[in-house]
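In case you want the letters, here they are:
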Protein chains: 2
Amino acid sequence: MPDFFERSLIVHEHLRGKIGTVSKMPIVDHDDLSLAYTPGVARPCSVIAEDKEKARDLTLKRNSVAVVSDGSAVLGLGNIGPYASIPVMEGKALLFKDFARIDAWPICLDTQDVDEIVNTVRLIAPVFGGINLEDISAPRCFEVEERLQDIGIPVFHDDQHGTAIVLLAALFNASKLVGKEMDSLRVVINGAGAAGTAIAKLLRCVGHDPKVCTPVADAIVCDSKGAIHAGRQDLSGYKKEMLSYTNRGNRSGSLEEVLVDADVFIGVSKGDLLQASHIRTMANDAIVLAMANPTPEIMPDEARKGGAAVIGTGRSDFPNQVNNVLVFPGIFRGALDAKAPTITESMKMAAARALADATRNVSVNKILPDPLDRTVASQVALAVSEAALPPD
Amino acid sequence: MPDFFERSLIVHEHLRGKIGTVSKMPIVDHDDLSLAYTPGVARPCSVIAEDKEKARDLTLKRNSVAVVSDGSAVLGLGNIGPYASIPVMEGKALLFKDFARIDAWPICLDTQDVDEIVNTVRLIAPVFGGINLEDISAPRCFEVEERLQDIGIPVFHDDQHGTAIVLLAALFNASKLVGKEMDSLRVVINGAGAAGTAIAKLLRCVGHDPKVCTPVADAIVCDSKGAIHAGRQDLSGYKKEMLSYTNRGNRSGSLEEVLVDADVFIGVSKGDLLQASHIRTMANDAIVLAMANPTPEIMPDEARKGGAAVIGTGRSDFPNQVNNVLVFPGIFRGALDAKAPTITESMKMAAARALADATRNVSVNKILPDPLDRTVASQVALAVSEAALPPD
């Protein structure tokens, strides 16, 4: 792969910025200058001074999202800090534009202190219509996101919910293919970080009726010490909280042990953990979603050898790429269009269902739309913005 | 004027954002997606993790400026807060793009606390190549700017220095027209806020040799209580500091009193203060730069009646519009091109001289280039970036 990575470096050196700004108003004569700037601009300013909600009607706030990171958990690179995280946040901003016509701007914070992150996001919020938190390490990311839910614009940690939503959509289609009901599934999730926690939460409401929360049969989350269960003395606060909605049978044991008879394996941890022999211990027609990047928890051919019926990874060079570019553009497009103050659980569920439904010609090699399918974001956006409306 | 202001409102309602983002990299196939985002983006990230200065070579930092305001001193509107200030900051971002190809983004802060402003700017700095402070009230603006001089990128309060630089450029050409040497000028400045303080500082170095600081003959700054002089008991810290470089003769009295025999009046305060009779008391061939907006300290025809030889205002409907759009795009273009860590006094002086020199066919009705002249910013930028280089 060195050639590929060198090419990426060359492209970045060449562009020096994957996004830029663009003027939406030509300044040709003095009248243009006076309208766009002083003195004319005083008029929209005065209108907003009377009612700050008007900022959404008169400024870029309507359509702008900050992509905020502290660089503490970037891709597979880990804690590389704010400067080194800029290329990722820029890439995300580019995808927001390309897939959902959203004006997103990277904000890379020179701090990893939770209070400072929370306070800074609060203080810069006026100009944005939404905040996409990105690559902030667990468990700090949970607290950051939770403390920002009251700022009047959606704050959405994509590594948690974007990943969880696209995984759930994949699971909707995969379970249909193998003829199992969602509420019959026994799911094992390896990885108790941002994504693992969020997917476990979403698995609480997977029934046909979106107004009633029907969970999967069971979900067990494993961390590096095996299954998270009530008997463990080493659990931090948020892992304890997880016990209230996972591991109903309170099973203990290693990943390999709890995987026995499971219907679904979801890997959101690190690569190269499982072999075909492990998959063979799972229930028939097992579903394997191995998201570690670039090396999945188990390679697709190895999982197939173990009898898995449906296999997805995070990679574009295998079928069934589970990529959250299928989610975040549509989620924010829908939230901005609805002027939603938060992204609720029902908006997330609506996104997962819309994404599953947007998949054409579902098959074992096609449980999700192609990540480059430009029609997906608008379908997701529509479902999300409908779910954002207050109930009748 | 109601029609004009209504038109501005309509334009703002129509655009809902005068700027947006633009993708500089087409995402056509999976290879594009992998290069711009994951996994390829890991390569430039790793390079920057080794050396954060590489962020200027590999990301939008090279060309990006934050337009930061707390909305405490917006145009003639005063303290209208961050939301109502967005249209101004957006307008500024648009002009940065249009005049100097700079990618600027508005950041309107939901606080007016100096510590919080300083801290927030520090924390969001990684992604920006420069910070344009805007519409922050005096004296807070002085402290905010001063405390941010060590963050590694230029921090420039445009209401202070942009205004001061364009005024000084106007004065260079006006004094040549009336045949007076800069160091012979007696100047009266009305307004001891952001702009008044900055112009008084720049008037310390106006001689032909940029390496030696030759001041004007005298500069007296007036606030609402008249001349700022050593005998006053009511002076705040920054006004006391001003005594070390203004009012050499330590004159007391009202604006009208100290204006007697002055060569130059600079108004950066409020409109409708002076009549022709006051101008008549000034020295022969008086220069009047009356910047209050929309109503100048004295209207041009009234100043002419009083015998003023050269008259400038902030307005586009009179000759000699003194508009800092002639300065800030070129200042930041030059600073970004030179990767300058601050904007020094010599960079400011270089900008003023370059702007004066960029004026073609200087006459009493043409002491500055037209604000829409797109060739000015690059001339200013070149001079600024040369002045940013370390001395031989």
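These lines cover the structure that appears in this document, whether it is placed above or below. Just so we're clear, the structure is a prediction, and the values are computed from it rather than from any experiment. (Residues numbered from 1 in each chain as written. Chains lettered and ligands numbered in written order. Predicted model: local features only at pLDDT ≥ 70, side-chain atom pairs only at ≥ 80, totals over all residues. Heavy atoms only, no water.)

1. As for the state of the cysteines
- Counting across every chain of the model gives two disulfides over all chains.
- Cys205(A) shares a disulfide with Cys213(A); S-S distance 1.6 Å. Negative torsions about the S-S bond denote left-handed disulfides, and the value of about 75° found for Cys205(A) with Cys213(A) makes this one right-handed.
- A relative accessible area of 18% means that Cys205(A) is categorised as buried.
- Free cysteine Cys108(B): the closest other cysteine sulfur is in Cys45(A), separated by 9.4 Å. (Disulfide = S-S within 2.5 Å. Buried < 20%, exposed > 50% of the residue type's maximum accessible area, 1.4 Å probe, protein only.)

2. Concerning the packing of helix H3 (residues 42-50) of chain A against helix H5 (residues 81-100) of chain B
- Two numbers describe how H3(A) lies on H5(B): the axes approach to 7 Å, and their chain directions differ by 165°. Classified by the interaxial angle, the pair formed by H3(A) and H5(B) is roughly antiparallel. Handedness of the H3(A)/H5(B) crossing: right-handed. Counted together, Pro44(A), Cys45(A), Ile48(A) and Ala49(A) of H3(A) and Tyr83(B), Ala84(B), Pro87(B) and Val88(B) of H5(B) form the full contact between these two elements.
- Taken together, the residues of the contact of H3(A) with H5(B) sort by class into eight nonpolar, no polar and no charged. (Axes fitted to C-alpha atoms, helices over the stretch in contact; angles between N-to-C directions. Helix = DSSP H or I, 4+ residues; strand = E, 2+ residues; numbered from the N terminus. Parallel < 35°, antiparallel > 145°, perpendicular 65-115°, else oblique. Left-handed = near helix turned anticlockwise from the far one by under 90°. Contact = heavy atoms within 4.5 Å. Nonpolar A, V, L, I, M, F, W, Y, C, P; charged D, E, K, R; others polar.)

3. Some points on the side chain of Asp263(B)
Residue and element names in this part refer to chain B.
- Relative to the helices and strands, Asp-263 is located in the loop between helix H11 (255-259) and strand S9 (264-267).
- By relative accessible area, Asp-263 is classed as buried at 4%.
- Within the local environment of Asp-263, its side chain forms a polar contact with the side chain of Lys-180, the two groups lying 2.7 Å apart.
- With near-sequence residues (within four places) excluded, Asp-263 lies in contact with Lys-180, Ser-184, Leu-185, Arg-186, Met-282, Ala-283, Asp-285, Ala-286 and Ile-287. (Polar contact = N/O pair within 3.5 Å; in protein donor to acceptor, adjacent residues only side chain to side chain.)

4. Overview of the packing of H5(B) against helix H14 (residues 328-337) of chain B
Residues and elements named next belong to chain B.
- The geometry of H5 relative to H14 is characterised by a closest axis approach of 9 Å and an angle of 65° between their N-to-C directions. Considering the angle they form, H5 stands roughly perpendicular to H14. Here H5 runs over H14; the crossing is right-handed. Across the interface between the two elements, Lys-92, Leu-95, Phe-96, Phe-99 and Ala-100 of H5 pack against Phe-328, Pro-329, Phe-332 and Arg-333 of H14.
- Among the residues making up the contact of H5 with H14, the classes are represented as seven nonpolar, no polar and two charged.

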